[in-house]
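# Summary of structural features
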Amino acid sequence: MSRPSADTTAATAASPPISGSVRRRHLFYISGFDPKGPAHYHRLFTEQAALAGAIGGYRIEVGGRRRASAHSAVWTLRHFTAPAPAEADVESVFEFLRWDDIVRTHWSRNPAVLAWQLVCTTLLYLRSGALWTMLKLAWPPVLALVAPFLLLIGLLLSLPTAWLLATWVATNAGSWWPGVLAGIGVLGGAAGLALWVERTMNVQWLLRSYAFTGLQGSRGVTALEDRLDHFGRRIVERMQSTPACDEVLIVAHSSGSIMATAALARALRLDPQLGARGPRLSLLTLGQWSPLLSSLPSAQRFRDELASVAAEPALDWVDVSAPPDGCCFALTDPVAAAGLPVPRPDHPRLLSPRFAELFSATRYAAIRRDRFRLHFQYLMAGERAGER
């Protein structure tokens, strides 16, 4: 496979660079820890498909959205290499596997609850050694996880600091007004720093994902396990019932890569011959967070599932991640990162999308300043086409 280009986005996950052997595809998509459901992603993919096509000189028709099962929605995608050919060269059924309802259940809006979850989760990762394990793999995502904890400690410390400074200034100035102003200055500076970090990194979103993964790897989430079982069955159903389909492709973004790995492992357990017969079986992970779960000593089930997916000879697995994206484990083999033997060399194949080549210097600098936006660039079109 060549280096991903501007269309390696979800417009793109929808129709990756064309292979002569793939004309019909069933694509499963699993989002990251996001309360937004298929309606949001259908709009996003429709918009980005149009932008990517205009840049790349091709066209993607996105069909209407409809319900496919209790936990999925589908729409069709037709990829045309030219603006107006008579026949599509690749046709895909895009199936959005839903766990957004589970995300919303764990999407607390209470700041006190969020702060408590942050403390408990960070202590879990410190006590278990998982934070140190992840730090040895890559420091940017660990910094992104630890920054909210340090920020919280800083905010708590700013309160007594402001009080002590205000008291000292008031005592030496012989008036309480200078002391009040000094205390307000300390608290204002701390609040300003917190606001800047929130705007830059979207701390609350990151914190919720962090806390949920910690819960998943320690005590478990029953509703999620049931949903992953459903995903596995759904994959088997599609593989066994679409003889005219050339490929079944599973695409996952961010922490959705964890869910995709687990779901695929369960599908392989239900049908060990999956991919050996019938449609080709492929996995594409974008901006993956797998070490966030696999580094927890208590997450043995996930490591076993990761090992089974890595060892599957019939699977084509490509992992795309960008080093500037501090909210993923960029160019890190999720199998080796879990301390597992690597049964197949270059599996998954690690690729960088090289986002910088897809934008002007000014636009790319603006995107890099917004970590949350950069983390979603995998699902969005660039300003110009990249290399094939």
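What follows is about the packing of aromatic side chains. The geometry of an aromatic ring pair comes down to the distance between the two centres and the angle between the two planes. Tallying each qualifying case throughout the model produces 20 aromatic pairs. Relative to Phe94, the ring of Phe45 has its centre 5.0 Å away and its plane inclined at 70°; by these criteria the two rings are edge-to-face. Here Phe45 is found in helix H2 (residues 38–56), whereas its partner Phe94 is found in strand E5 (residues 90–97), with 49 residues between them in sequence. For Phe45, a relative accessible area of 1% translates into the label buried. A relative accessible area of 0% means that Phe94 is categorised as buried. A connected cluster of aromatic rings, assembled from ring pairs, spans Tyr29, Tyr41, Phe45, Trp75, Phe94 and Phe96.

Strand E6 (residues 247–253) sits mainly inside the fold: 7 of its 7 residues count as buried. Bridge analysis of strand E1 (residues 24–30) against E6 gives 6 bridges, and the strand direction is parallel. Residue pairing across strands places Leu27 opposite Leu249, the latter belonging to E6. Sheet topology note: the E6/strand E7 (residues 280–286) ladder contains 7 bridges and is parallel. By the bridge assignment, His253 is partnered in E7 with Leu286. On the question of chirality, the crossover connecting E6 to the parallel E7 by way of helix H10 (residues 256–270) is right-handed.

What follows is about the side chain of Ser31. Along the chain, Ser31 turns up in the loop between E1 and H2. Residue Ser31 is classed as buried on the basis of its relative accessible area, which comes to 2%. In contact with Ser31, not counting residues within four places along its chain, are Tyr41, Phe96, Trp99, His253 and Gly256.

Right, let's talk about the pairing of E7 for a bit. Burial analysis of E7 places 6 of its 7 residues in the buried class, which makes it a mostly covered element. As defined by bridge partners, E7 adjoins strand E8 (residues 315–320) across 6 bridges and the pair is classed as parallel. Bridge pairing links Leu283 to Trp317 in E8.

Reading the values: the criteria
- Residues numbered from 1 in each chain as written.
- Predicted model: local features only at pLDDT ≥ 70, side-chain atom pairs only at ≥ 80, totals over all residues.
- Heavy atoms only, no water.
- Phe/Tyr/Trp six-rings, centres within 6.5 Å; stacked < 30°, edge-to-face > 60°.
- Helix = DSSP H or I, 4+ residues; strand = E, 2+ residues; numbered from the N terminus.
- Buried < 20%, exposed > 50% of the residue type's maximum accessible area, 1.4 Å probe, protein only.
- Pairing = 2+ DSSP bridges.
- Right-handed = clockwise from strand over helix to strand, strands pointing away.
- Contact = heavy atoms within 4.5 Å.

By themselves these figures say nothing about function.
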